[in-house]
Amino acid sequence: EMSVLFSDIRSFTSISERLSANDLKDMLNEYFSPITKSIFEHQGTIDKYVGDMVMAFWGAPIDDPKHAENAVIGGFDMLAITARLREEFKAKDWPEVRVGIGINTGDMNVGDMGSEYRRAYTVLGDAVNLGSRLEGLTKFYGLEFLVSEFTKALCPNIVFRPVDKVKVKGKDEAVAIFEPVCQLQELTDELRKEVADLEQAYQYYLKQQWLEARQAYELLQQAYPERYLYTMYLDRIEHLQQTELPGNWDGSFTHTSK
């Protein structure tokens, strides 16, 4: 059992078009260096870089009983580093950099894999694929960070917002997904209230109590107009109210693209 992280730079194609090949190389080097240092400092192992994508995992080659928690805390630090780099890049007239991060926890096969000509130390398995899908879903929900219910279950010292229950492309089983908010000791009264209000709104949604759900999400939207998630749920509730749902409806949303 391990945790895997995928991180991608948003709109990287547009960024590539704006910069020369040398500037793009310099920008990626300045981005990857502190990100990699942070992953190492949080007990992670770098798997690979693919263009602007970083893949890392926790739990091998050295056992880490807190692999899920260390991965999420590492993700928090990656977002903080990216925010700092945005200001530094701005001074160099480089494009603004934003990222999406997805983490999943589960059984994985880890070791040297590849061909007789080239091998690499990496992880494989269905749990790895889900981690990649979660990173892709951050765009859909307008968020920077998503984890699965399996990761959340192993992080008692971290606060999460409920986001959705999803069936990702290629899978029939629904998985609950969450947005990491902060470590428990960093929780403010305002955040505590928002998370509690959101959990109540989401329960109304799952129980098809549309009036109560709409009122709860409206209050959240008014308090946090910049959070696309609340607007998305108001639109979804309006649609579902006019839809005849099956008796076994569990609140899950099926994503048909990666």
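Residues numbered from 1 in each chain as written. Predicted model: local features only at pLDDT ≥ 70, side-chain atom pairs only at ≥ 80, totals over all residues. Heavy atoms only, no water.

A closer look at the environment of V4
The condition is simple: Elements are defined by DSSP. Helices are runs of H or I of four residues or more, strands are runs of E of two residues or more, and each kind is numbered from the N terminus. Between two residues, a contact is recorded if the distance between any of their heavy atoms is within 4.5 Å.
When you line up the elements, V4 lands in strand 1 (residues 2-9). Contacts of V4, omitting those with residues within four sequence positions, involve M55, A56, F57, G102, I103, N104, M108, V123, A127, V128 and G131.

Overview of the packing of helix 2 (residues 21-41) against helix 3 (residues 67-91)
Rules: Axes here refer to lines fitted to C-alpha atoms; in helices the fit is confined to the stretch in contact. Angles between the N-to-C directions go from 0 to 180 degrees. When an angle is under 35 degrees it counts as roughly parallel; over 145 it counts as roughly antiparallel; between 65 and 115 it counts as roughly perpendicular; any other value is oblique. The crossing is said to be left-handed when, going from far helix to near helix, the turn is anticlockwise and less than a right angle, and right-handed when the turn is clockwise. Gly is placed with the polar residues, together with every amino acid not listed as nonpolar (Ala, Val, Leu, Ile, Met, Phe, Trp, Tyr, Cys and Pro) or charged (Asp, Glu, Lys and Arg).
The interhelical angle for the contact between helix 2 and helix 3, taken along N-to-C directions, is 150°, at an axis separation of 10 Å. The orientation of helix 2 with respect to helix 3, classified from their angle, is roughly antiparallel. The two elements helix 2 and helix 3 meet at a crossing, and its hand is right-handed. Contacts from M27, E30, Y31, P34, I35, S38 and I39 in helix 2 reach G74, D77, M78, I81, T82, R84, L85 and F89 in helix 3. When the residues that make up the contact of helix 2 with helix 3 are grouped by side-chain class, the tally is 9 nonpolar, 3 polar and 3 charged.

Re the sheet that holds strand 3 (residues 53-58)
How we decide: Strands were regarded as paired on the criterion that DSSP finds at least two bridges between them.
On the basis of which strands lie adjacent, the open sheet formed by 8 strands has the order 2-3-1-4-7-9-8-10 and mixed pairing. The sheet is open, and its two borders are formed by strand 2 (45-50) and strand 10 (253-254), each paired with just one other strand. Along the sheet face, helix 2 touches strand 1, strand 2, strand 3 and strand 4 (99-106) and points at about 160° away from the line of strand 2. Lying on the sheet, helix 8 (residues 228-241) is in contact with strand 8 (158-167) and strand 10; it crosses strand 8 at an angle near 35°.

Quick look at the layout of surface pockets
Condition: As defined here, a cavity is a set of points on a 1 Å grid over the protein atoms alone where a 1.4 Å probe fits but cannot get out. A pocket is an open set with protein on both sides within 12 Å along at least five of seven lines, and residues line them when an atom is within 4 Å of a point. Grid points are joined across faces, edges and corners, and a volume is the space filled by probe spheres set on the points.
Space inside the largest pocket adds up to approximately 310 Å³. If you go around the largest pocket, you meet 14 residues; those closest to its centre are L143, E144, R161, E179 and R227. If you list the elements that add at least two residues to the lining of the largest pocket, you get strand 9 (175-183) and helix 8. Per element, the largest residue contribution to the lining of the largest pocket is 3 residues, and it comes from strand 9. Residues of the lining of the largest pocket, tallied by class, amount to 8 nonpolar, 1 polar and 5 charged. Approximately 210 Å³ is the volume found for the second largest pocket. Around the second largest pocket sit 13 residues that line it, and K193, D197, A216, L219 and L220 are the ones nearest its centre. Only helix 6 (189-206) and helix 7 (210-223) provide two or more residues apiece to the lining of the second largest pocket.

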